[in-house]
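Spelled out, the chains give:
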Amino acid sequence: QLRIILENSKDIIYSINYSSGTFEYISPVIREILGLPDSVFLHQSPDTLFGLMHPDDIRQVGKYWQDIIDLERKDIFLFEIGYRLKDKDGNYHWMSENNKLLKDETGRPLYLVGSIRDITDLKKSDIALRNSEERLALAIEATDQGLWDIDLKKNTRYFSPRCFSMLGYKPGEI
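Residues numbered from 1 in each chain as written. Predicted model: local features only at pLDDT ≥ 70, side-chain atom pairs only at ≥ 80, totals over all residues. Heavy atoms only, no water.

1. Side note on the overall build of the protein
Along the protein, the regular secondary structure elements total 6 helices and 7 strands. Relative to its length of 174 residues, the protein is extended, with a C-alpha radius of gyration of 23 Å against a globular reference of 16 Å. Principal axes of the C-alpha set define a box for the protein whose edges measure 70 × 40 × 35 Å. Within the protein, contacts between residues separated by at least 24 positions form 36% of all contacts whose residues are at least 6 apart in sequence. As displayed, the protein offers around 11900 Å² of accessible surface, 54% of which is attributable to carbon and sulfur atoms. (Helix = DSSP H or I, 4+ residues; strand = E, 2+ residues; numbered from the N terminus. Rg over C-alpha atoms; globule rule 2.2 N^0.38 Å. Contact = heavy atoms within 4.5 Å. Areas by Shrake-Rupley, 256 points an atom, 1.4 Å probe, with all protein chains shown as cover.)

2. Some details on the packing of aromatic side chains
Applying the stated rule across the entire model yields 3 aromatic pairs. Aromatic pair Tyr14 and Phe23: ring centres 5.8 Å apart, planes at 85°, arrangement edge-to-face. Residue classification places Phe23 among the buried positions, given a relative accessible area of 1%. Ring centres of Phe23 and Phe41 lie 6.4 Å apart, and the angle between their planes is 80°; on these two criteria the pair is classed as edge-to-face. One end of the pair, Phe23, is in strand β2 (residues 22–26); the other, Phe41, is in the loop between α2 (30–34) and α3 (47–50), with 18 residues separating them in the sequence. Residues Phe23 and Phe41 agree in their burial class; the two are buried. An aromatic cluster is defined as three or more aromatic residues linked by ring pairs; in this entry it consists of Tyr14, Phe23 and Phe41. (Phe/Tyr/Trp six-rings, centres within 6.5 Å; stacked < 30°, edge-to-face > 60°. Buried < 20%, exposed > 50% of the residue type's maximum accessible area, 1.4 Å probe, protein only.)

3. Details of empty space enclosed by the protein
Leftover empty space is mapped by rolling, across the atoms, a probe with the size of a water molecule. Across all of its chains, the model carries 1 cavity of 30 Å³ or more by this definition. Considered as a void within the structure, the largest cavity measures approximately 40 Å³ in volume. Elements represented by at least two residues in the lining of the largest cavity include exactly α3 and α4 (58–70). (1 Å grid on protein atoms, 1.4 Å probe; cavity = no way out; pocket = protein on both sides within 12 Å on 5 of 7 lines; lining within 4 Å. Points joined across faces, edges and corners; volume = space filled by probe spheres on them.)

4. Focus: unusual backbone geometry
Trans is the prevailing form of peptide bonds, just as negative phi is the prevailing case for residues other than glycine. You will see that His43, though not glycine, has its phi angle at about 65°, which is positive. Within the secondary structure layout, His43 lies in the loop between α2 and α3.

5. Overview of the environment of Asp104
Examined against the element boundaries, Asp104 turns out to sit in the loop between β4 (92–103) and β5 (109–118). When the C-alpha atoms of Asp104 and Asn91 are compared, they prove to be 39 Å apart, with 13 residues separating the residues in sequence.

6. What to know about the pairing of β5
Bridging between strand β1 (residues 12–17) and β5 involves 6 bridges; their strand directions are antiparallel. For Ser15, the partnering residue across the bridge sits in β5 and is Val113. Here β4 runs beside β5; their pairing, made up of 9 bridges, is antiparallel. Each residue of the ladder has a partner; that of Asn99, found in β5, is Gly114. (Pairing = 2+ DSSP bridges.)

Below you can see the structure in the form of structure tokens.
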């Protein structure tokens, strides 16, 4: 049953043998996300993923992996990071990875297990929202209008800087 769950997850689930430094398991959903079969990664080092990584993310992810190695003897062993991976067609996908270092009873690292989620749609929505907010702010500034808003449910209020000056106040005085 566990294998059925793993193979039907929309997240890439993996297990890296700590002593060999290679993937012992990586779920087949990686083909749906990156267009590459799991066999490309099985029994290979995580460097296989580095080859698909966006150049701007390599340094950050390299530090992340070094932190895992440096912290292997400490009690901190849960990690999270975001980065971009290139699919077989050359398109980048934003990924969010969570993993945990599993140790034996003496504290010796055995496996790094984790999941990688494609968050590309979430990132695109976030970028679109930020762009929309920037356009709105520019439009409000260009019209030289004061803007105010009161949220009765949250009991919050907002006054634009221009609204304050139109009313003869400095920002924060009301």
